[in-house]
Amino acid sequence: MKRNRFAALLLSLCLLALTACGQNGTNNAAADGGGADAEDEGAKVAFVQLVDNDAFTEMIESFQNKLTELTGGTATFEILNAQGDMSTLNSIASDLKTADYDLIVPIVTPATQAVVNAGVEAPVVFISVTDPVSAGIMSDMASPDKNATGTSNIVPVDEIFTLADQLTPGIETVRILYCSGEQNAVLTAEKAKTYLNSVNMAYEEVTVASSNEVQQAAQSLAGRVDAIYIPIDSTVQSAMPQVVEAANAAGIPVYGSDPVMVQSGALACVSVSNTQLGERSAEMAYEILQGADVADVPAEALDEFQYVCSQSAADTLQITLPSDGSVTVIS
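Residues numbered from 1 in each chain as written. Predicted model: local features only at pLDDT ≥ 70, side-chain atom pairs only at ≥ 80, totals over all residues. Heavy atoms only, no water.

*Asks:* Could you clarify how one ought to interpret the overall build of the protein in this entry?
*Replies:* When helices and strands are tallied, the protein shows 13 helices and 13 strands. Every one of the 331 residues in the protein was classed for burial, and the buried ones make up 46%. Across the protein, contacts joining residues at least 24 apart in sequence account for 69% of those joining residues at least 6 apart. Just so you have it, the protein exposes about 15,500 Å², and 46% of that area is on carbon and sulfur atoms. (Helix = DSSP H or I, 4+ residues; strand = E, 2+ residues; numbered from the N terminus. Buried < 20%, exposed > 50% of the residue type's maximum accessible area, 1.4 Å probe, protein only. Contact = heavy atoms within 4.5 Å. Areas by Shrake-Rupley, 256 points an atom, 1.4 Å probe, with all protein chains shown as cover.)

Next up, the structure:
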């Protein structure tokens, strides 16, 4: 009987020792930053945008949804919005140099330029920069060299003017309206002018410095042109209702570069999907969060286009839209 009690006591002491060892091992792992707790910590992601609009919201939400899917829901997000002020945007970018984020996601060209020029150390994955090389964001799309990579939205200006000729034949003069301070808008406008020159179509260009100037610029168009073209331009896009109001009063169509412009009253656009841009940038971000170097994740230009037309704009201008499925018609 004494022997059995001694054996039981010895077994209990052994179990206590093993438990203590396990606890010490767990505590040491936590102190070293390893273990399950560290692995469960999600990436902290900051979005940066110059202004807030529906197109940017679609990009951000699609990025969030895709990265959440890929990480199992561990990533956290914050949106930093400059409210249309460039000095605020530059201040946000400067503050990011010392901020505690694992990834910075600027939306379109102005925000990406500000972040890259600020020399932010956290990896940068941008969404929808029209021409990253011309914008000074990288020297080569295939080999990002400034700690930034992401998606580019090719602007098919030939496609939009081909569609314009189909919807509103007889256009002789096009007005290109854009913000001179947005590199993406300037580059797209240059592409449009090059194309229009190639087909011997006349054009005029009007630039604005802020959304406050858009209405007056649009009102000056009455009786002078046959159509208005808006490049990729967040400044003018934010004032699209004023553009459309002036254009409708003059009986001329507005052609844009984003479905959000069509939702705001433009007649039609040909563009890359904002959802696809956000999702693909999220996939690239996931590669980097998994350990890939930014320089080893090439920037990508998406070239699958969507053709979107507004039924209400067509009705206002008494235009018949194609019914063969070649365009997506929204109300």
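That shown, we press on.
*Asks:* Whenever I open this one, the layout of surface pockets confuses me. Can you help?
*Replies:* Unoccupied space between atoms shows up once a probe the size of one water molecule is rolled over them. Estimates place the volume of the largest pocket at around 230 Å³. In this structure, the largest pocket is lined by 14 residues; those nearest its centre are Leu50, Gly84, Ala209, Ser210 and Thr235. Residues that form the lining of the largest pocket fall into these classes: six nonpolar, seven polar and one charged. (1 Å grid on protein atoms, 1.4 Å probe; cavity = no way out; pocket = protein on both sides within 12 Å on 5 of 7 lines; lining within 4 Å. Points joined across faces, edges and corners; volume = space filled by probe spheres on them. Nonpolar A, V, L, I, M, F, W, Y, C, P; charged D, E, K, R; others polar.)

*Asks:* Sorry if this is basic, but what is going on with the pattern of salt bridges here?
*Replies:* Side chains that differ in sign of charge can pair as their charged atoms come close. Following the criterion strictly, the structure yields eight salt bridges and no others. For the salt bridge of arginine 175 with glutamate 204, the shortest nitrogen-to-oxygen distance reads 2.2 Å. Of the two residues, arginine 175 is situated in strand β6 (residues 173–179) and glutamate 204 in strand β7 (residues 202–208); the sequence distance between them amounts to 29 residues. Accessibility expressed as a relative area gives 25% for glutamate 204, which makes it partly exposed. Note that glutamate 205 is salt-bridged to lysine 193, the shortest N-O span being 3.0 Å. Note that glutamate 205 is positioned in strand β7 and lysine 193 in helix α7 (residues 183–198), a separation of 12 residues in sequence. With a relative accessible area of 10%, lysine 193 lands in the buried category. When salt bridges with common partners are traced through the structure, they connect Arg175, Glu204 and Arg224 into a single cluster. (Salt bridge = Lys/Arg side-chain N within 4 Å of Asp/Glu carboxyl O.)

*Asks:* Looking at this model, I keep getting lost on the side chain of asparagine 184. Mind explaining?
*Replies:* Along the chain, asparagine 184 falls in helix α7. Other than its neighbours up to four places away in sequence, asparagine 184 contacts Thr109, Pro110, Thr130, Ile232 and Asp233.

*Asks:* I'm lost on the sheet that holds strand β12 (residues 305–310) in this one. Help?
*Replies:* Across a sheet, strands are paired by hydrogen bonds formed along the backbone, either parallel or antiparallel in direction. The seven strands lie next to each other as β7-β6-β8-β9-β10-β12-β13, forming an open sheet whose pairing is mixed. Whereas interior strands pair on both sides, the edge strands pair on one side only; in this sheet they are β7 and β13 (328–330). Neighbour-to-neighbour, the strand axes of this sheet turn through a mean angle of 25°, independent of strand direction. One ladder, built from two bridges, connects strand β8 (residues 227–229) with strand β9 (residues 254–256); its direction is parallel. (Pairing = 2+ DSSP bridges. Axes fitted to C-alpha atoms, helices over the stretch in contact; angles between N-to-C directions.)

Don't take any of this as a statement about function, it's just geometry.
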